[in-house]
Amino acid sequence: STDDDGLTVTDLVVEYSGARALDGISLRVAPGQRVALMGPNGAGKSTTIRALSRVLDLYRGRAVSGTIRFDGRNVGAMSPQEVVRAGIAHVPEGRKIFSELTVRENLKVAVPRAARGSAGDRIEQALSLFPALRGRLDMQGGWLSGGEQQMLAICRALMTGPRVLMIDELSLGLAPKVVYWIVEQLEVLRRDTHVGVLLVEQNARLALKFSDYAYVLENGRIAYSGDSDALLHDPEVESRYLGGG
Ligand code: ATP
C-alpha cells in the first residue's frame with residue numbers, strides 16, 4: 001500500500017462558532033491498521049470523529065483548514081452519505097441502535113441500496129463474528145444487553161462494507177469481559193478483511209492494548225503519538241493517562 005491508501009488527516013483545524021476545538025491535528029489510519037485516539041474529556045476526540053463523518057455542521061462546527069483524504073479521495077468535499085459509501089463507517093457513542101426495530105431490521109436498514117442483493121450474505125458474515133446475536137434476530141433492539149447492543153452497532157456498521165471502522169467509546173458501560181470479547185472479534189475481522197479501525201476510547205489502557213498506533217489528544221492538539229506498545233511503557237504517558245500502574 002502507498003501513502004495514498006487509507007485515511008490521512010493533515011493539519012485539521014475545527015471551530016465551533018469561532019472557538020477552536022481542533023488546533024491542527026494530523027493522523028493516519030493505514031489499511032488494516034488499528035489506531036487509538038485517546039485523551040481526556042473535551043480534548044477533541046468527538047470533534048475529530050464528527051469531522052471525519054462530515055457531520056460537524058449538525059453541531060455548528062466548521063473545518064476551518066486542513067485536509068482529510070481517504071484512498072486518495074478528498075473526504076472534505078463529501079456528504080455524510082458519500083463518506084459511508086467511500087468506506088468509512090461510524091459506530092457512534094451510545095450505540096444508537098433502533099430500540100423498536102428487531103435486530104434483523106436494524107441490520108437490514110443499514111444495507112446500502114446498491115448492496116440489497118447481498119444483504120443476506122452481509123448479515124451472515126457479521127453474525128459469524130457475534131453469534132450471540134443469532135438467537136436474538138427477532139428480538140427488539142431495546143431488549144438487548146449493553147454488550148449485545150454494542151455488537152449490533154458494530155454489525156450494523158459492517159453492513160456498509162467499510163474499509164475503516166470508527167468506533168466511539170467502545171467500552172462505555174460494558175463489563176470488561178464483554179469488552180475483551182468484542183475486541184477479540186474485531187481482531188478476527190481485521191485478519192479476515194483487512195479493515196482498519198479507529199478506536200476512540202477513554203479507557204487508555206484498553207485503547208493501547210488493542211491498537212498498533214495511538215494518538216493522545218489534549219486541548220485540540222496531539223500531545224503524544226507513537227507505537228501503542230511504546231506508549232504503554234512510556235513513564236510519562238503511564239503517569240498521566242494510565243493511573244501510574
Ligand atoms: P468527550 O469525551 O467529553 O466527548 P472529546 O475529547 O470528544 O470529549 P470534544 O467533544 O470533541 O472532546 O470537544 C472538544 C472541544 O470542543 C471542547 O472544548 C468542547 O467544549 C468543544 N465543543 C464540542 N462540541 C461543541 C459544540 N457543539 N459547540 C461548541 N463547542 C463544542
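Residues numbered from 1 in each chain as written. Predicted model: local features only at pLDDT ≥ 70, side-chain atom pairs only at ≥ 80, totals over all residues. Heavy atoms only, no water.

Draft legend 1. Representation of the confidence of the model for the protein chain within the structure. Averaged over the protein chain, the pLDDT score is 93; the fraction of residues at 70 or greater is 98%. Summarising per-element confidence for the protein chain, the mean pLDDT is lowest in helix H9 (residues 235-241) (88) and highest in strand S1 (residues 7-16) (98). Scoring of the predicted complex yields 0.93 for pTM and 0.94 for ipTM. (pLDDT = per-residue confidence, 0-100. Helix = DSSP H or I, 4+ residues; strand = E, 2+ residues; numbered from the N terminus.)

Draft legend 2. Region of interest: the site of the ligand. If you check the shell around the ligand, you find 13 residues, and the closest are Gly42, Gly44, Lys45, Ser46 and Thr47. The contact in question runs from an oxygen atom of the ligand to an N or O atom on the side chain of Thr47, over 2.5 Å. Tyr59 places a main-chain nitrogen or oxygen 3.3 Å from a nitrogen atom of the ligand. Protein coverage of the free-state accessible area of the ligand, which is 620 Å², stands at 63%. Of all the elements, helix H1 (residues 45-53) adds the most residues to the shell around the ligand, at four residues. In terms of residue class, the shell around the ligand is made up of five nonpolar, six polar and two charged. (Near = heavy atom within 4 Å. Polar contact = N/O pair within 3.5 Å; in protein donor to acceptor, adjacent residues only side chain to side chain. Areas by Shrake-Rupley, 256 points an atom, 1.4 Å probe, with all protein chains shown as cover. Nonpolar A, V, L, I, M, F, W, Y, C, P; charged D, E, K, R; others polar.)

Draft legend 3. The sheet that holds strand S3 (residues 34-38), seen in detail. The six strands lie next to each other as S6-S7-S8-S3-S9-S10, forming an open sheet whose pairing is mixed. With partners counted over all chains shown, the strands left at the sheet margins are strand S6 (88-91) and strand S10 (221-227), one partner each. Going across the sheet, the axis of each strand differs from the next one's by a mean of 15°, ignoring polarity. Relative to strand S8 (residues 196-200), strand S7 (residues 164-168) runs parallel, the two sharing five bridges. (Pairing = 2+ DSSP bridges. Axes fitted to C-alpha atoms, helices over the stretch in contact; angles between N-to-C directions.)

Draft legend 4. The arrangement of the side chain of Ser228 in detail. Examined against the element boundaries, Ser228 turns out to sit in helix H8 (residues 228-232). On the accessibility criterion, Ser228 (0% relative accessible area) is buried. With residues near it in sequence (within four places) discarded, Ser228 still touches Leu208, Ser211, Asp212, Tyr213 and Ala214. (Buried < 20%, exposed > 50% of the residue type's maximum accessible area, 1.4 Å probe, protein only. Contact = heavy atoms within 4.5 Å.)

Draft legend 5. A look at the sheet that holds strand S5 (residues 73-74). Taking strand neighbours across the sheet as the criterion, the four strands line up as S2-S1-S4-S5 in an open arrangement whose pairing is antiparallel. The open sheet has two edge strands with one neighbour each: strand S2 (19-29) and S5. Here S1 pairs with strand S4 (residues 61-70) via eight bridges, running antiparallel. Counted as the bridge partner of Thr8 is Arg69 from S4. Here H1 sits on the sheet and contacts S1, S2 and S4; the angle it forms with S1, its principal contact strand, is near 110°.

Draft legend 6. A look at unusual backbone geometry. The phi torsion at Asp11 lies on the positive side, around 50°, for a residue other than glycine. The topology assignment puts Asp11 in strand S1. Owing to a relative accessible area of 47%, Asp11 belongs among the partly exposed residues under this scheme. Its identity is not glycine, yet Glu169 carries a phi of approximately 50°, on the positive side. By the secondary structure assignment, Glu169 is in the loop between S7 and helix H6 (176-193).

Draft legend 7. Spatial organisation of the pairing of S7. Of all the five residues making up S7, five are buried; the element is thus mostly covered by neighbouring parts of the structure. Burial along S7 is two-sided: the residues Val164, Met166 and Asp168 and Leu165 and Ile167 are all buried. Two strands pair when backbone bridges link them, and S6 and S7 are joined in this way by four bridges, in the parallel orientation. Looking at S7, one finds that Ala89 is bridged to Leu165. As for the winding sense of the linkage, the β-α-β connection from S7 through H6 to S8 is right-handed. (Right-handed = clockwise from strand over helix to strand, strands pointing away.)

Draft legend 8. Seen up close, the packing of aromatic side chains. Counted according to the given criterion, the structure contains two aromatic pairs. Arranged with centres 6.0 Å apart and planes meeting at 85°, the rings of Tyr224 and Tyr241 form a pair that is edge-to-face. Of the two residues, Tyr224 sits in strand S10 while Tyr241 sits in helix H9, which places them 17 residues apart along the sequence. A relative accessible area of 16% means that Tyr224 is categorised as buried. (Phe/Tyr/Trp six-rings, centres within 6.5 Å; stacked < 30°, edge-to-face > 60°.)

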